[in-house]
Amino acid sequence: MSTQPRTEDPVTRRRTFAIISHPDAGKTTLTEKLLLFGGAIQLAGEVRAKANRRQTRSDWMGIERERGISVVTSVMTFEHAGCVFNLLDTPGHEDFSEDTYRTLSAVDSAVMVIDAARGIESRTRKLFEVCRLRDIPIVTFVNKMDRETRDPFDLLDEIEKVLALDTAPVTWPIGRGRAFAGTYDLAHSMIRKLDSDVEAPMLPVDGPRDPAIRALLPSHEADAAIDELELAREACKPFDRDAFLEGHLTPVFFGSALRTFGVADLINALADFAPPPRGLQAESRFVDAREAKMTGFVFKIQANMDPNHRDRIAFMRVSSGKLTRGMKAKLVRTGKPMALNAPQFFFAQERALAEQAFAGDVVGIPNHGTLRIGDTLTEGEDLVFRGVPSFAPEILRRVKLNDAMKAKKLKEALQQMAEEGVVQTFVPYDGAGAIVGVVGALQLDVLVERLQVEYGLPVTFESSRFEIARWVTAEPLELRKFLDAYPSSTAEDLDGAPVFLASSAFTLRYEQERWPQVTFSDIKDYQRAAV
Ligand code: G4P
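In this text the structure is predicted, and so the values were computed from the model without any measurement.

Undergrad: Sorry if this is basic, but what is going on with the overall build of the protein here?
TA: Assigned secondary structure in the protein consists of 14 helices and 33 strands. Here the protein holds 531 residues, and 58% of them are scored as buried. Contacts in the protein between residues at least 24 apart in sequence constitute 71% of all its contacts with a sequence separation of at least 6. For the protein, the computed accessible surface area is about 22,300 Å², with 50% contributed by carbon and sulfur atoms.

As structure tokens, this is what we get:
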């Protein structure tokens, strides 16, 4: 089934991907099983166990503990079938979708996990749309086939209609629910039987009517299941790699993460079909992954991963070239050099110093606030990568400090939180106090807890008179005119970009009509240096 030659070339061998799904579809379970295949963990359950350990060690993560959710994005590296996989984990909770979107800017492909009983759910759809915006190829894993499921044709139909994405089932379930007995490889006429707890090898069969398939099914269901296999083989589109790479078609696998079934098919598909690291558009030019010089961009900042060190880790995707430990890079936003003395790789159970990293790899760079989300590092060239978006917040609040003497400290703390992407801050041009913006309410809870624990700042929130924030752009003169006309409802964000704050959707529409030369945007796609 292999379509890509195995190679020693570090770029060709790399697969950097994320899993997108609706909560509860089985992402965590599948992650564990993928890591198990890659030998990155010994026992399934480690991902969860690790998360729990981390929670008990880190104070601000008390929120996660209380609510039983994970708000941490991380990266896990493992090897399998001659490939190096970088799995970028995305937080499950909806409130952290910004983090998720940023993470998706750093992957080359994604696995879409669907609960076989539920089909396409809201969050899957949203995440899929982000992947589509970035032409990220998607491999689909229909999970929980060991439970009662919907008709597989129905599920494929739903993917095609709701996501406008062609489907090419690679495997097809033999029986479903309690009668789920394995899968049939449609193109190669092979079966894989559902075994107790190991993934069984593939066995050749002579088409869907082979007695070996009938023998797997309860007699009263056998005829219907075999007819269904025949139909699937005749009616379904064959896999077309070009259409997949262009994001028009998804290969579909059926399985059960819980029973470790279908996981081998999935990981082999990633090795065989998924694209190696791709080039990336910078403001000035396209950067090919195979260029000799190192370039990379920061898509996530995570603080306090190790509470003993109060560290801040910037997660950088290497976009081209080779990163070598100790090298001097240029931080393009400031123009200053930065020594990469301790870049790190992350595995399921540990981190290790990264002596070298290649395009597609994600390294953690410890720093004390030098790096921000969206930053580009190069070997000297003035490049700025696009593609780490900011989203307009859905909730705007004023921060109320109980001790007015600490206003300066609060300003610094908010700036740091904004640099990490925990919240966005908007400082009105008329000098009024900063407004914080978040996409989801849970981010506010994280902010309160972190301000208290890390900075000793007890704060509460007051509602702001604004409900909506939009980045505004226009010709310089027109923009100046607009900002001067509304000093108390315009502000600047962390990067100095101008923002219009509206008290209602009505006000926003009204101003949009009055100022046709001004563009009001709810996404800021990349960050420029402060002006
Ligand atoms: P998530 O990260 O996408 O939110 O999902 P997670 O893996 O945590 O799975 C959600 C629930 O679905 C878990 O059950 C998990 O065991 C179950 N599950 C995952 N994959 C399969 C599968 O292939 N078949 C079946 N039958 N169940 C599956 P839970 O009871 O909520 O949690 P737990 O107590 O089992 O950990």
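Past the structure itself, the notes keep going.
Undergrad: Explain helix α11 (residues 407–420) here, please?
TA: Its 14 residues give α11 an end-to-end C-alpha distance of 20 Å, which sits within 8% of 20 Å, the value for a rise of 1.5 Å per residue. Listed as buried for α11 are Leu 410, Ala 413, Leu 414, Met 417, Ala 418, Glu 419 and Glu 420. Downstream of α11 by a residue or two, Gly 421 has a phi angle that is positive, lying close to 85°.

Undergrad: Mind showing me how you'd approach the site of the ligand here?
TA: Contacts to the ligand come from 16 residues, most closely from Asp 24, Lys 27, Thr 28, Thr 29 and Asp 146. At 2.9 Å, a backbone N or O of Gly 26 approaches an oxygen atom of the ligand. In this structure, Leu 258 approaches the ligand through a main-chain N or O atom, which is 3.2 Å from an oxygen atom. Protein coverage of the free-state accessible area of the ligand, which is 700 Å², stands at 67%.

Undergrad: In this structure, what is going on with the sheet that holds strand β7 (residues 171–174)? I would like to understand it.
TA: Strand pairing in a sheet takes place through backbone hydrogen bonds and is either antiparallel or parallel in direction. Reading across from one edge, β7-β8-β9-β10 is the order of the four strands in this open sheet, with antiparallel pairing throughout. The strands lining the two open edges of the sheet, one partner per strand, are β7 and β10 (202–204). For this sheet, the mean inter-axis angle between neighbouring strands, taken without regard to orientation, is 30°. Where strand β8 (residues 182–185) lies against strand β9 (residues 190–193), four bridges are found, and the strand directions are antiparallel. Considered in β9, the bridge of Tyr 184 is made with Ile 191. Across the face of the sheet, helix α8 (residues 219–235) comes into contact with β7 and β8 while running at roughly 170° to β7.

Undergrad: Looking at this structure, I do not really get the pairing of strand β4 (residues 109–115). What am I missing?
TA: Each regular strand shows side chains that alternate between the opposite faces of the sheet. Burial of β4 is extensive: seven of the seven residues sit out of reach of the surface. Side-chain alternation along β4 places Ser 109, Val 111, Val 113 and Asp 115 on one buried face and Ala 110, Met 112 and Ile 114 on a second face that is also buried. Of the pairings in the sheet, the one linking strand β1 (residues 14–21) to β4 comprises five bridges and is parallel in character. Within β4, the position partnered with Ile 20 by the bridge is Met 112. As paired elements, β4 and strand β5 (residues 138–143) share six bridges and run parallel to each other. Across the sheet, the residue bridging to Val 113 is Phe 141, located in β5. Where the polypeptide runs from β4 across helix α5 (residues 122–133) and back to β5, its parallel neighbour, the crossover connection is right-handed.

Undergrad: Could you clarify how one ought to interpret the nonpolar core in this entry?
TA: As a rule of thumb, soluble globular proteins bury nonpolar side chains together. Met 112, Met 316, Leu 323, Leu 371 and Leu 377 are the most contacted members of the largest nonpolar core, which totals 54 residues. Examining the composition of this core, we find that five residues originate from one element, strand β15 (residues 312–320), more than from any other. Counting residues domain by domain, this core receives three or more from each of domain 1 (10–70 + 106–273) and domain 2 (280–378). In this structure Met 112 touches Ile 20, Ile 120, Thr 124, Phe 128, Ile 138, Val 139, Thr 140, Phe 141, Ile 159 and Leu 163, once residues within four positions along its chain are discounted. Core analysis: the next-biggest nonpolar cluster, separate from the first, contains 30 residues, Leu 34, Leu 249, Leu 266 and Ile 267 among them.

Undergrad: Which parts of the structure should I look at to understand the side chain of Arg 15?
TA: By the element assignment, Arg 15 lies in strand β1. Despite its burial, Arg 15 pairs with no opposite charge; the closest candidate is Asp 272, at 6.8 Å N-O. Side-chain polar atoms of Arg 15 contact the backbone oxygen of Ala 271, separated by 2.8 Å.

Undergrad: When you look at unusual backbone geometry in this model, what are you seeing that I'm missing?
TA: Where the residue is not glycine, phi is negative for most of them; where a peptide bond is considered, it is trans in most cases. Residue Asp 24 is not a glycine yet carries a positive backbone phi of 85°. Judged by relative accessible area, which is 71%, Asp 24 ranks as exposed. A positive phi is found at Ala 164, a non-glycine position, where the angle reads about 50°. Position of Ala 164 among the secondary structure elements: in the loop between α6 (152–163) and β6 (166–169). Judged by its relative accessible area of 53%, Ala 164 falls in the exposed class.

Undergrad: How do you make sense of the pattern of salt bridges when you look at a structure like this?
TA: Between side chains of opposite charge, pairing is possible as soon as their charged atoms come close. With the rule as written, the count across this model stands at 31 salt bridges. Across the pair Glu 79 and Arg 13 runs a salt bridge, and its minimum N-O distance is 3.4 Å. Residue Glu 79 is located in strand β2 (residues 75–80), and its partner Arg 13 is located in the segment before β1; the two are separated by 66 residues in the primary sequence. We note a salt bridge from Asp 361 to Arg 14, for which the minimum N-O separation is 2.7 Å. Here Arg 14 lies in strand β1 and Asp 361 lies in the loop between β21 (356–358) and β22 (362–367), a separation of 347 residues in the sequence.

Rules and cut-offs
Residues numbered from 1 in each chain as written. Predicted model: local features only at pLDDT ≥ 70, side-chain atom pairs only at ≥ 80, totals over all residues. Heavy atoms only, no water. Helix = DSSP H or I, 4+ residues; strand = E, 2+ residues; numbered from the N terminus. Buried < 20%, exposed > 50% of the residue type's maximum accessible area, 1.4 Å probe, protein only. Contact = heavy atoms within 4.5 Å. Areas by Shrake-Rupley, 256 points an atom, 1.4 Å probe, with all protein chains shown as cover. Expected span 1.5 Å × (residues − 1). Near = heavy atom within 4 Å. Polar contact = N/O pair within 3.5 Å; in protein donor to acceptor, adjacent residues only side chain to side chain. Pairing = 2+ DSSP bridges. Axes fitted to C-alpha atoms, helices over the stretch in contact; angles between N-to-C directions. Right-handed = clockwise from strand over helix to strand, strands pointing away. Core = buried A, V, L, I, M, F, W, Y, C linked by side-chain atoms within 4.5 Å. Domains from an automatic or database assignment. Lys, Arg positive; Asp, Glu negative; His and termini not counted. Salt bridge = Lys/Arg side-chain N within 4 Å of Asp/Glu carboxyl O.

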